[in-house]
Amino acid sequence: MFLRCKKKALEVVWRAMKIRMSEISKEGKEFIFDRKSGELNEVLADLTKNDYRIEITIRELDAYYEITGEVKADVPQVCSKCGYDILKPIRRKVNDLLIEKLFQPRGSQYSKSGNVSESVSTSEDKAQDVAFYENDTFELGEYLHELFSLEIPRYPDCAVSECSNLKEAQAQIEKINRHSEGFNEKSGHPAFKSLKNLKLN
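Let's talk about the environment of Phe148
- Mapping Phe148 onto the fold places it in helix H2 (residues 140-151).
- Residue class for Phe148 comes out buried when judged on its relative accessible area of 3%.
- Along the sequence, Phe148 and Thr48 sit 100 residues apart, while their C-alpha atoms lie 9.7 Å from each other.
- With sequence-adjacent residues up to four places away left out, Phe148 is seen in contact with Leu44, Leu47, Ile54, Val71, Lys72, Ala73 and Ile90.

Examining the pattern of salt bridges
- Counted by the stated rule, this structure contains 10 salt bridges.
- Between Asp34 and Arg53 there is a salt bridge; the shortest N-O distance is 3.4 Å. One end of the pair, Asp34, is in strand E2 (residues 29-34); the other, Arg53, is in strand E3 (residues 52-60), and 19 residues separate them in sequence.
- Between Asp74 and Arg91 there is a salt bridge; the shortest N-O distance is 3.6 Å. Within this pair, whereas Asp74 is found in strand E4 (residues 65-78), its partner Arg91 is found in strand E5 (residues 85-100), the two being separated by 17 residues in sequence.

Focus on the sheet that holds E3
- Taking strand neighbours across the sheet as the criterion, the 5 strands line up as E2-E3-E4-E5-E8 in an open arrangement whose pairing is mixed. In this open sheet, the two edge strands, each paired with only one partner strand, are E2 and strand E8 (130-133). The sheet shows a mean angle of 30° between the axes of neighbouring strands, taken without regard to direction.
- As judged from the 14 bridges shared by E4 and E5, these two strands associate in the antiparallel manner. When the sheet's bridge partners are listed, Glu66 is paired in E5 with Leu97.
- On top of the sheet, H2 reaches E2, E3, E4, E5 and E8; it is set at about 130° to E5, its chief contact.

What about the nonpolar core?
- Counting residues in each nonpolar core, the largest one holds 30 residues, and the members touching the most others are Ile54, Phe138 and Leu140.
- For this core, the secondary structure elements donating two or more residues are E2, E3, E4, E5, E8 and H2.

Quick notes on unusual backbone geometry
- The backbone of Asn135 shows a phi angle near 55°, a positive value even though the residue is not glycine.
- By secondary structure assignment, the location of Asn135 is in the loop between E8 and strand E9 (137-139).
- Unusually for a residue other than glycine, Asp136 sits at a positive phi of about 65°.
- Mapped onto the elements of the fold, Asp136 is located in the loop between E8 and E9.

Re the side chain of Thr68
- Mapped onto the elements of the fold, Thr68 is located in strand E4.
- What makes Thr68 buried here is its relative accessible area of 19%.
- Once residues within four sequence positions are removed from consideration, Thr68 is found in contact with Glu55, Ile56, Thr57, Arg59, Val94 and Asn95.

Analysis parameters
Residues numbered from 1 in each chain as written. Predicted model: local features only at pLDDT ≥ 70, side-chain atom pairs only at ≥ 80, totals over all residues. Heavy atoms only, no water. Helix = DSSP H or I, 4+ residues; strand = E, 2+ residues; numbered from the N terminus. Buried < 20%, exposed > 50% of the residue type's maximum accessible area, 1.4 Å probe, protein only. Contact = heavy atoms within 4.5 Å. Salt bridge = Lys/Arg side-chain N within 4 Å of Asp/Glu carboxyl O. Pairing = 2+ DSSP bridges. Axes fitted to C-alpha atoms, helices over the stretch in contact; angles between N-to-C directions. Core = buried A, V, L, I, M, F, W, Y, C linked by side-chain atoms within 4.5 Å.

Here's what the structure looks like:
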């Protein structure tokens, strides 16, 4: 029983992909993940089971850390126009700051819930998002999962001027509408025909 619980705990840590920040130098450390290497397959399982590739570098700066790179994946979605299954490509450049999460007064700039906060301007007037690490640990798996999730559109479509399946979908809708018109208010649904002459006291 102990061995089984210990194994389960290790699996949870593995999925979380914890990075120890004290081991990151100013030269930086590069991380490369894909479907074949498998380190993030469980983390991204609810988003895609297709190929993905993540290339990021974390480096130490003067007062904080920086994470840069690119994430690529094809995420299965349903077109909001035609209803057909599609693969939505995600291509996102990463250029965020990593700041130690300390106690922040309510209403302060960094007192936001979640893994990523609002954009801030650095000394170079370059807007960057902020992610947090705590107790010398950065939850890389959680960060990447959130990164992918934010890139998925609320109303995905086939991303073409005229959806190839839209005409067929509209034809099916018109067919259903015509069929529904057969059960108009005058004739009623056949199942209620026996109630037509029912008299109420």
